[in-house]
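Survey of secondary and tertiary structure
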Amino acid sequence: MADTGVAETLLRRLEKADDGVDSVEVSGSLGVDHQLVVGAVKSLQALGDIISAELRSSKHWELTGEGKEIAEQGSHEARVFSSVPAEGLAQTELMKLAFGKVGFSKAMSNKWIRVDKAHEGGPRIFKAVCIESIEDQVREKLLLVQKGQASQLEEKEKNELKKRKLLSEVTVKSYWITKGDSFSTTITKQETELTPEMIASGSWKEKKFKPYNFEAMGVAPDCGHLHPLMKVRTQFRQIFLEMGFTEMPTNNFIESSFWNFDSLFQPQQHPARDQHDTFFLSDPALAHQFPQDYLERVRKVHSEGGYGSQGYKYDWKIEEAQKNILRTHTTAVSARMLYKLAQQKFTPVRYFSIDRVFRNETLDATHLAEFHQIEGVVADYGLTLGDLMGVLHQFFTKLGITKLRFKPAYNPYTEPSMEVFSYHEGLKKWVEVGNSGVFRPEMLLPMGLPEDVSVIAWGLSLERPTMIKYGINNIRELVGHKVNLQMVYDSPICRLDS
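Residue numbering note: each chain is counted from 1, following its sequence as written. Local features in a predicted model are, by the rule used here, given only for residues with pLDDT of at least 70; side-chain atom pairs are given and counted only at 80 or more, and totals for whole chains, interfaces and linings are based on all residues. Excluding hydrogens and water, the side-chain figures rest on all heavy atoms present in the structure.

1. What to know about the packing of aromatic side chains
- Side-chain rings of Phe, Tyr and Trp, where Trp is taken by its six-membered ring, are said to pair if the distance between their centres is within 6.5 Å; with planes under 30 degrees apart they count as stacked, over 60 as edge-to-face, and otherwise as tilted. Counted under the stated rule, the structure contains 20 aromatic pairs.
- Measuring from ring centre to ring centre gives 6.2 Å for F81 and W112, while their planes differ by 75 degrees; the resulting arrangement is edge-to-face. Of this pair, F81 sits in helix 5 (residues 76-83) while W112 sits in the loop between helix 7 (100-109) and strand 4 (113-116), and the two are 31 residues apart along the sequence. Residue F81 shares its accessibility class with W112, and that shared class is buried.
- Seen in terms of ring centroids, F395 and F396 are 5.5 Å apart; in terms of plane orientation they differ by 90 degrees. Their pairing is edge-to-face. Like F396, F395 is buried.
- Through a chain of ring-to-ring contacts, three or more aromatic side chains come together here, namely F236, F240, F245, F352, F395, F396 and W458.
- Above the ring of F81, the side-chain terminus of K127 is found at 4.9 Å from the ring centroid. Put simply, DSSP H or I for four residues or longer makes a helix, DSSP E for two residues or longer makes a strand, and each gets a number counted from the N terminus. Using a 1.4 Å probe on the protein chains alone, a residue whose accessible area is under 20% of its type maximum counts as buried, one over 50% counts as exposed, and one in between counts as partly exposed. We call a charge positioned over a ring when the NZ of a Lys or the CZ of an Arg lies within 6 Å of the ring centre and within 35 degrees of the ring normal.

2. Here we look at the packing of helix 4 (residues 65-73) against helix 8 (residues 137-146)
- Between N-to-C directions, angles span 0 to 180 degrees; the directions come from axes that are lines fitted to C-alpha atoms, helices contributing only their stretch in contact. Look at helix 4 against helix 8: their axes get within 9 Å of each other, and the N-to-C directions meet at 110 degrees. The angle between helix 4 and helix 8 places the two elements in the roughly perpendicular class. The handedness of the crossing between helix 4 and helix 8 is left-handed. Along the contact surface, helix 4 presents G67, I70, A71 and E72, while helix 8 presents V138, R139, L142, L143 and Q146.
- We call Asp, Glu, Lys and Arg charged. Ala, Val, Leu, Ile, Met, Phe, Trp, Tyr, Cys and Pro are nonpolar, and the rest, Gly among them, are polar. Here the residues of the contact of helix 4 with helix 8 are counted per class, giving 5 nonpolar, 2 polar and 2 charged. When describing relative orientation, an angle under 35 degrees is termed roughly parallel and one over 145 degrees roughly antiparallel, while 65 to 115 degrees is termed roughly perpendicular and anything else oblique. What makes a crossing left-handed is the near helix being turned counterclockwise from the far one by less than a right angle; a clockwise turn instead makes it right-handed. Contacts are assigned to residue pairs that have any heavy atoms within 4.5 Å of one another.

3. Considering the pairing of strand 6 (residues 167-179)
- The pairing of strand 1 (residues 21-22) with strand 6 spans 2 bridges and is classified as antiparallel. Across the sheet, the residue bridging to D22 is W176, located in strand 6. Whether two strands pair depends on DSSP finding at least two bridges between them.

4. Description of the sheet that holds strand 15 (residues 453-461)
- Judged by pairing direction, the sheet is mixed, and its 7 strands sit side by side in the order 7-10-11-15-14-13-12 without closing on themselves. At either end of the open sheet lies a strand with only one pairing partner, and these are strand 7 (246-247) and strand 12 (404-411).
- Summarising the sheet, strand 13 (residues 414-424) and strand 14 (residues 429-439) pair through 9 bridges and their orientation is antiparallel. Note that in strand 14 the partner of S422 across the bridge is V431.
- Taken strand by strand, helix 18 (residues 463-470) contacts strand 11 (370-381), strand 13, strand 14 and strand 15, and its axis lies near 145 degrees from that of strand 14.

5. Things to note about the packing of helix 5 against helix 7
- Running from amino to carboxyl end, helix 5 crosses helix 7 at an angle of 90 degrees, the nearest separation of the two axes being 7 Å. When the axis of helix 5 is compared with that of helix 7, the two are roughly perpendicular. Residue-level inspection shows H76, E77 and V80 of helix 5 in contact with helix 7, the latter providing G100, V102, G103, F104, K106 and A107.
- In terms of residue class, the contact of helix 5 with helix 7 is built from 4 nonpolar, 3 polar and 2 charged.

6. Considerations on the side chain of S174
- By the element assignment, S174 lies in strand 6.
- Classification of S174 as buried rests on a relative accessible area of 5%.
- Polar contacts involving the side chain of S174 include one to the side chain of D22, which spans 3.1 Å.
- The residues touching S174, leaving out its near neighbours within four places in the chain, are D22, S23, V24, H34, E54, L55 and R56. Each polar contact in these results corresponds to two N or O atoms within 3.5 Å; when the atoms are within protein, one needs to be able to donate a hydrogen and the other to accept it, and residues that are neighboring in sequence are counted only if both atoms are side-chain atoms.

7. As for the domain arrangement of the protein chain
- Examined at the domain level, the protein chain breaks down into domain 1 (65-167) and domain 2 (229-490).
- For the domain bounds, the source is a domain assignment made automatically or taken from a database. Centre-to-centre, using C-alpha coordinates, domain 1 lies 86 Å away from domain 2.

8. Considering the sheet that holds strand 4
- Ordered in space as 3-5-4, the 3 strands form an open sheet in which the pairing is antiparallel. Because the sheet does not close on itself, it has two edges, and the strands there are strand 3 (89-90) and strand 4.
- Examined bridge by bridge, strand 3 and strand 5 (residues 124-127) share 2 bridges and lie antiparallel to one another. Looking at strand 5, one finds that A90 is bridged to R124.
- Running over the sheet, helix 7 touches strand 4 and strand 5 and is turned about 105 degrees from strand 4.

So this is what it looks like as structure tokens:
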């Protein structure tokens, strides 16, 4: 029976009732599930004051599945008694019966059976009384409950049967339904919206409108969510600021080869300057504005040497330095800032930047062609490799990454140089998260910085620490078209370890 049919039947029954009807009784007389009647009650309540419904709770006793079986076939102890023949039954055979174990215990308690342990074939069970002497009270009590006469049993008896899991006390919630002030046996759907057509035709005067529910909760509005990458980036930035660093401007994705390579003492024949590793621009293909005196010092240290270095001894070409590229690292930004610093009276500085860089990489689980680099630079007197390691340890500890390793490496513009590794719990291996070192004199002195000034610097990945923090094994699940947006919504804000 459909909900509408149940609702109409309920209204007709209510019309004939003087005081009201019970929803459980209605469901029983109609032969439908009680929830269908409850649904009809709620539907009628939503239409206005047609009916009034009071929620009531009542308890009654019901037979469990095992209780129904006993009511039909007899208690375990009675069935055990009936199974024992006049010549007796081996205890091992009795225990094989489904009701043997419980029935044996109860029958012994009732003294209906006895055990002969001295029997040659092992313990043997015999009847201790005649069949007329036993009375299956358990079955009789259950039959009373089954007939709806549970009130004839004492509470102690009910609890004993409940303990044996033959009875269960069930709480039934029902509605006591009475007529409302606007009672009608006809169901009229209430309008939920006042339309322009109703106003124009005047039909709204004949319509019944559903009351507005001012207590209803509104639909939760969609809101923006920070991508895990941006959350960790915010953390990195906050950590740098806490450590006294100043953020460098990084708004030029396009850089000349001069600032990206040559100013860093990276030779023009270096493999990193090949098209397999770098994206070159075709329009505009060349840059033309450079500090000419600085350009000449860079050319000289590359081709002839200087400042205690023999250089690379090759024919340095301005045409190579002019080529425009998508910057391969934000160290180009550091070069510009250090040159700017050298044009004034020197004061110790701490710089940082976080922005995108571009490499002509083959995509795999840990590499992208476009990613973020975190650049840090400290310029001061007498800095050493120990200072660099200390700063990196402090930085990563603030981020919550404590498993660090440093490995000697080679960079054209730093000496000594170190690669930084962190342990990835998901990949179960050490993953490179950055590169670092002390800038070479061949890079710093042509800029005009004092000879006794040292500059420690590092370039870190943003994506890989984020993967470690969030347990992501494939970088393509963090950036790109394979990103699961639900992961963005669900990911909690990374917390810094204290």
